[in-house]
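Descriptive analysis of the structure
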Amino acid sequence: MEPNSVEIDKIAREFDGDACEFCERYKNKGLSRSSKLLLRFILDNRVRDRSILDLGCGAGGLSFELLKEGAGNAVGFDLSPNMLSAATELAQANGFESRAKFELGNAATSELPGSDIVVMDKVLCCYSEWKPLLKNAMEASRMMIGFTVPRDAGLTKLPFRLALKVVNYFQKRRGGVLFYLHPLGTIDKTMRESGFTRRKKQGSRFWLVFLYSRI
Ligand SMILES: C[S@@+](CC[C@H](N)C(=O)[O-])C[C@H]1O[C@@H](n2cnc3c(N)ncnc32)[C@H](O)[C@@H]1O
């Protein structure tokens, strides 16, 4: 059994409820502004034939956009069965069923396939244990890791922290998922000590987008 099985269940339940909305939003509007930024960072490098590992893939939008740009294949992991069903349906609708595979699992503890490019788009903030999640992602990555976290920096830091306290107060009351602002300095240090170099960092309205590479 997972050490934090209560949290895992909460994440699955919460995002099961959001799956339709994620899927419809991608169908109607495509990627969010911050996900487009992460996509652009990745596309500044060669993606043709590269393998993608999309941790906390949700409905799989970022994977599909990378496949459209020539990535070879994509594997997504998520804790929410409904998100995975949405991603699988979208893969079929977009003709990617042979190149995209979606699996139920905790990205922090599952055995992950070694992949050229690993992405975690708005995922670290939904999970309390950032260290095993990041470690597992780094071990799986052959070339690059891109991720998006809440914009807990600069002028937005204080309002963000206050807003999150309010959100988490209500989430706790309703037994929902809590959202985390993990220490960005320590995350950067951990990435560097593991042989990754930060290539890009940019804020969108509410998010900070990072790209690291092994070279
Ligand atoms: C805010 S959603 C983002 C989904 C997608 N990456 C996107 O940007 O549209 C976070 C997703 O991460 C998943 N998730 C959170 N922690 C996870 C973990 N430890 N392992 C796998 N999936 C996780 C949730 O189930 C949810 O679908």
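Quick look at the structure, then. Everything numeric in this text was worked out from a predicted model, so none of it was measured.

1. Focus on the pairing of strand E5 (residues 141-150)
Summarising burial for E5: eight of the 10 residues are buried, a large majority. Bridging between strand E4 (residues 115-121) and E5 involves six bridges; their strand directions are parallel. Bridging across to E5, valine 119 finds its partner in glycine 146. Running through helix H5 (residues 130-140), the crossover from E4 to the neighbouring parallel element E5 is right-handed. Relative to strand E7 (residues 207-213), E5 is paired through seven bridges, and the arrangement is antiparallel. Each residue of the ladder has a partner; that of methionine 144, found in E7, is serine 213.

2. Examining the packing of helix H1 (residues 5-29) against helix H4 (residues 81-93)
Helix-helix packing is described using two parameters, namely the angle between the two axes and the distance between the axes. Where H1 meets H4, the axes come as close as 6 Å, and the angle between the chain directions of the two elements is 25°. In terms of axis orientation, H1 runs roughly parallel to H4. Taking contact as the criterion, the partners of Ala12, Phe15, Asp16, Ala19, Phe22, Cys23 and Tyr26 in H1 are, on H4, Pro81, Asn82, Met83, Ala86 and Leu90. Tallied by class, the residues present in the contact of H1 with H4 amount to 10 nonpolar, one polar and one charged.

3. Some remarks on the sheet that holds strand E3 (residues 100-104)
If you trace the seven strands from one edge of the open sheet to the other, you get E3-E2-E1-E4-E5-E7-E6, paired in mixed fashion. The outermost strands of the open sheet, each flanked by one partner alone, are E3 and strand E6 (197-203). Taken over all neighbouring pairs, the strand axes of this sheet differ in orientation by 15° on average, direction set aside. Note: E6 against E7, six bridges, orientation antiparallel. Across the sheet, the residue bridging to glycine 203 is leucine 208, located in E7. Most of the contacts of H4 go to E3, to which it runs at about 170°, and overall it touches strand E2 (73-78) and E3.

4. Remarks on the site of the ligand
Close to the ligand lie 22 residues, the nearest being Phe15, Gly56, Gly58, Ala107 and Asp121. Those elements that place two or more of their residues in the shell around the ligand are H1 and E2. Take the shell around the ligand: its biggest share by element is three residues, from H1. When the residues that make up the shell around the ligand are grouped by side-chain class, the tally is 13 nonpolar, six polar and three charged.

Rules used in this analysis
- Residues numbered from 1 in each chain as written.
- Predicted model: local features only at pLDDT ≥ 70, side-chain atom pairs only at ≥ 80, totals over all residues.
- Buried ≥ 20, exposed ≤ 12 C-beta atoms within 10 Å, placed from the backbone.
- Helix = DSSP H or I, 4+ residues; strand = E, 2+ residues; numbered from the N terminus.
- Pairing = 2+ DSSP bridges.
- Right-handed = clockwise from strand over helix to strand, strands pointing away.
- Axes fitted to C-alpha atoms, helices over the stretch in contact; angles between N-to-C directions.
- Parallel < 35°, antiparallel > 145°, perpendicular 65-115°, else oblique.
- Contact = placed C-beta atoms within 7 Å.
- Nonpolar A, V, L, I, M, F, W, Y, C, P; charged D, E, K, R; others polar.
- Near = placed C-beta within 6 Å.

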